[in-house]
Amino acid sequence: MLGGVISPLLANIYLHWFEVVLLRELGKERVAAGLVRYADDFVTLAGDLSETLTAFVEEKLEGWMGLRINREKTCCFSLMDAGHRLDFLGYSLRFDRDLYGRPQIYLYVFASRKSL
């Protein structure tokens, strides 16, 4: 049986070492990036959406660790672009205009449609 109770635990062990390598390598390149993970899900946050970062993540997970990336759930986008929203762990995150008409935008966090 694939999956089951042990799968998130094993994924978390793999993702721990992936996070160590990711932060070490990106620190050398002076790239602002981070990783948010929970069980077998994760989100890579970066100040720059470069092909180098995407290739690095794919190579480390699939090549070095032998894991398989779920291409249906995987995407790369900027939250700053209009209409983009990130759904993660039951929440949706998006940038939106100021409620009082000021020129700033802010990060709006709310329950995702699926969790409701």
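Residues numbered from 1 in each chain as written. Predicted model: local features only at pLDDT ≥ 70, side-chain atom pairs only at ≥ 80, totals over all residues. Heavy atoms only, no water.

1. Looking at the pattern of salt bridges
Within this structure, the stated rule accounts for nine salt bridges. A salt bridge links Asp87 to Arg85; its shortest N-O distance comes to 3.2 Å. For Asp87, a relative accessible area of 43% gives the class partly exposed. On the basis of relative accessibility, which here comes to 30%, the residue Arg85 falls in the partly exposed class. Notably, a salt bridge pairs Asp98 with Arg102, separated by 2.9 Å at the nearest N-O pair. In this structure Asp98 comes out as buried when scored by relative accessible area, which is 10%. The structure contains a network of salt bridges with shared partners spanning Glu58, Glu62 and Arg71. (Salt bridge = Lys/Arg side-chain N within 4 Å of Asp/Glu carboxyl O. Buried < 20%, exposed > 50% of the residue type's maximum accessible area, 1.4 Å probe, protein only.)

2. Section: the pairing of strand β4 (residues 91-97)
The pairing of strand β3 (residues 86-88) with β4 spans three bridges and is classified as antiparallel. Along β4, the bridge assignment pairs Leu86 with Leu93. A loop of two residues connects β3 with β4, the two strands running antiparallel in sequence, and Leu89 in this loop sits at a positive phi of about 55°. Summarising the sheet, β4 and strand β5 (residues 105-111) pair through seven bridges and their orientation is antiparallel. By the bridge assignment, Arg94 is partnered in β5 with Tyr108. (Pairing = 2+ DSSP bridges. Helix = DSSP H or I, 4+ residues; strand = E, 2+ residues; numbered from the N terminus.)

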